Number of protein chains: 2
Amino acid sequence: MRIKTLTIVGVGLIGGSIGLAAKKRRLAERVIGVGRQQCSLSQALREGAVDETDLDLAAAVSRADLSVFCTPVSLIAGQVLASAPDCKEGALLTDAGSTKSEIVRAVEGGLPDRVFFAGSHPLAGSEKKGPQHADADLFLDRLVVVTPTEHTRPAASAQVAEFWRALGARVEFMTPEAHDRAVALTSHLPHLLASALAGILPQESRLLAASGFRDATRLAAGDPDIWAGIFAQNRAHVLSALDVLERQLALFRSVLLGQEWQRVHDLLAHAKKVRDDLGS
Amino acid sequence: MRIKTLTIVGVGLIGGSIGLAAKKRRLAERVIGVGRQQCSLSQALREGAVDETDLDLAAAVSRADLSVFCTPVSLIAGQVLASAPDCKEGALLTDAGSTKSEIVRAVEGGLPDRVFFAGSHPLAGSEKKGPQHADADLFLDRLVVVTPTEHTRPAASAQVAEFWRALGARVEFMTPEAHDRAVALTSHLPHLLASALAGILPQESRLLAASGFRDATRLAAGDPDIWAGIFAQNRAHVLSALDVLERQLALFRSVLLGQEWQRVHDLLAHAKKVRDDLGS
């Protein structure tokens, strides 16, 4: 795969890493970074994540063969639809949003015929943000979910998959709905839990918050704006995942109250098995 | 501080690390490791964590000036009381158990007059176990809580504190009750949550369990035997901590249901502040 002009909208951790990865692998002749603040664009330029920067979204996307939208999920669909009319004939668009149903539905409902879109979600990143944490190998062996629907042109999802593979990622295809249901439990619920746990730590116990507490709450350091947006877009699935968790907590409560130590042991042993299978 | 004979009962991660740390810092002339299985004792000997091994608990403790019990919490009090009658006049005993009230109460209720005990809990360790993961610097800058009561001889808790400081740790004094209440929230509840979360991961979503899920569930890899014992000893406080968490989850549920995004943001922002203050 060889892209003449790659435009990255939003040059934070993910956008910056895409730029670095594409340049390291000589995937794009030219990488344009788009943002709303010159400050982070200049940082991305200094890091070598982009070749040029532009504050004008539509202008930068109009020059691209492939544009990747790496902005907060609440902005993506609006930005795609605002810039699509200026796109080249046959331009390909994708995004890196953590939620897919709302974005894909909105975009596919309003895209001009001569422009193609397939949604994607790289399961990479961390609680860190900003182009200064960008990493050319962020996607290496990481999973990217590409989410075609019956409205997605097959060539578009195939090319988007090829793009992520060229950055070192593994690709799986899922419907936006199946993706959102699954990540509600594997990503959004863990974030909610980490935030709930951090939120109840009494001031006087901070001294006793050792490595276990730090691991369990690491996700809570994520950006509240970004995460409030994710919860807003995936609210129903997150609430369902919370239901499942609360039933599991009720089970733990019941066996602790009943001093059913064999069952406590069995619950812990099952969880250990699942966790061990995931690897470090 | 200089100990003639240091006996370590239980040479797993914690016991093995105490041995390595004491030897590295030339704190003890002789370190004896006690265990029930020759296999892990031999491993500890090979790692250089102990100088001698003994399968006979009372015999090894009888030779010690200081004995540290690093066995599962359900065994500690029984082992201390079983070996105390054979101790030297003035021998000092402590433990490394993650719970303190039951252990300290049982030990202080049955100790001979000429032997001294102060409970302690090093907040170090990990989901790993066994002497092969022992680390001479495991306690460096880590917190150790020493838990004297009105029955504890002040010189005993002072010497136990000095011992841990000599291994590189910081020491805080708390009552066993205050310790158990605090760690129920900072350590035992996070473990329960990690286990609950790992336990509800559907088989088909394992592929989507990325670094966030792994961090949030890391604790679930801990030994189910050890953790069932900890939950048994600290059951009331763990249930209270679970109450607090469930109220916080109910709050998250309510603001998500009500689509109160500013309040969602505020909850996430407060949690981020707490987590950021803890450091990495």
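Whatever comes next refers back to the structure up there.
Before going into details, it helps to say that this report is about the structure given with it.

Quick notes on the rules
Residues numbered from 1 in each chain as written. Chains lettered and ligands numbered in written order. Predicted model: local features only at pLDDT ≥ 70, side-chain atom pairs only at ≥ 80, totals over all residues. Heavy atoms only, no water. Salt bridge = Lys/Arg side-chain N within 4 Å of Asp/Glu carboxyl O. Helix = DSSP H or I, 4+ residues; strand = E, 2+ residues; numbered from the N terminus. Buried < 20%, exposed > 50% of the residue type's maximum accessible area, 1.4 Å probe, protein only. Pairing = 2+ DSSP bridges. Right-handed = clockwise from strand over helix to strand, strands pointing away. Contact = heavy atoms within 4.5 Å. Buried area = accessible area lost by both parts, 1.4 Å probe. Polar contact = N/O pair within 3.5 Å; in protein donor to acceptor, adjacent residues only side chain to side chain.

Here the structure, examined in full by the defined rule, presents 33 salt bridges over all chains. Between Arg-63 of chain B and Glu-52 of chain B there is a salt bridge, with its nearest N and O atoms 2.8 Å apart. In this pair, Arg-63 of chain B is assigned in the loop between helix 3 (57–62) and strand 4 (66–69) and Glu-52 of chain B in strand 3 (residues 52–54), connecting sequence segments 11 residues apart. For Arg-63 of chain B, a relative accessible area of 29% gives the class partly exposed. Of the charged contacts, one joins Asp-277 of chain B and Lys-273 of chain B as a salt bridge, the two residues approaching to 2.7 Å between their closest N and O atoms. Pair noted here: Asp-277 of chain B and Lys-273 of chain B are both in helix 11 (residues 261–278), with a separation of 4 residues, about one helical turn. Here the salt bridges do not stand alone but share partners, grouping Asp-215 and Arg-218 of chain A together with Asp-215 and Arg-218 of chain B into one network.

So, about the pairing of strand 1 (residues 3–9) of chain A. Residue and element names in this part refer to chain A. With 6 of 7 residues buried, strand 1 is to be regarded as a mostly interior element. Pairing of strand 1 with strand 2 (residues 28–34), which is carried by 6 bridges, proceeds in the parallel orientation. If you follow Thr-5 over to strand 2, its bridge partner there is Arg-30. Taken together, strand 1, helix 1 (residues 13–24) and strand 2 form a β-α-β motif whose crossover is right-handed.

Facing 79 residues of chain B, the contacting portion of chain A comprises 80 residues. For the pair chain B and chain A, the two sides together bury roughly 7,400 Å², of which 70% comes from carbon and sulfur. On the chain B side of the interface with chain A, the three residues burying the most area are Leu-208, Arg-275 and Leu-278 of chain B, jointly 10% of the side's total. Asp-277 of chain A is the salt-bridge partner of Arg-206 of chain B, the closest N and O atoms lying 3.4 Å from each other. Counting the contacts that link chain B with chain A gives 22 residue pairs in polar contact (both at pLDDT 80 or more). Only strand 8 (143–147), strand 9 (170–173), helix 7 (176–199), helix 8 (211–217), helix 9 (224–233), helix 10 (235–257) and helix 11 of chain B provide two or more residues apiece to the side of chain B that touches chain A.

As far as function goes, none of this settles anything; it's purely spatial.
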